[in-house]
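# What the coordinates show
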Amino acid sequence: MSIVKINVLTVPAEQRETLEKRFASRAGAVENSDGFEWFELLRPIEGTDDYLVYTRWRDEESFKAWMEGPMKAAHQGGGAAGGERPKPASSSAAVWSFEVVQQASPKS
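So, a few notes on the structure that sits alongside this text. Remember, predicted model here, so these are calculated numbers, not experimental data.

### Section: the overall build of the protein
Of regular secondary structure, the protein possesses two helices and four strands. Counting all 108 residues of the protein, 25% fall into the buried class. Residue pairs at least 24 apart in sequence account for 70% of intrachain contacts in the protein once pairs closer than 6 positions are excluded. Counting every atom, the protein has about 7,800 Å² of accessible surface; 53% of that belongs to carbon and sulfur.

So, in structure tokens, the structure goes:
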């Protein structure tokens, strides 16, 4: 079965718009990766400053290949016109890993 990776990003209120714009500008960056199945950026509604970046992959190998290839390349580059990289919008981050053991979808 698939695996799920959830990146937990603590984002202060004044950085939320910055974070969301950065993700929007990278739209399409993961969708063509081998083994990629799903992406969602989840904005907190209340009680936390933690955004959740949900990705689902065919297997751990597919995720690792993306991490070592396209994701690594995207995060190593400089800022616009070769300038400095922008500071992170989040104040902390953690990655949670899960294996899908059951799933359901709406009945047609």
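### Looking at the pairing of strand 3 (residues 50-57)
Bridge analysis of strand 1 (residues 3-10) against strand 3 gives eight bridges, and the strand direction is antiparallel. Each residue of the ladder has a partner; that of Leu9, found in strand 3, is Tyr51. Here six bridges tie strand 2 (residues 36-42) to strand 3, and the two strands are oriented antiparallel to one another. Across the sheet, Leu42 pairs through a bridge with Leu52, a residue of strand 3.

Cut-offs used in this document
- Residues numbered from 1 in each chain as written.
- Predicted model: local features only at pLDDT ≥ 70, side-chain atom pairs only at ≥ 80, totals over all residues.
- Heavy atoms only, no water.
- Helix = DSSP H or I, 4+ residues; strand = E, 2+ residues; numbered from the N terminus.
- Buried < 20%, exposed > 50% of the residue type's maximum accessible area, 1.4 Å probe, protein only.
- Contact = heavy atoms within 4.5 Å.
- Areas by Shrake-Rupley, 256 points an atom, 1.4 Å probe, with all protein chains shown as cover.
- Pairing = 2+ DSSP bridges.

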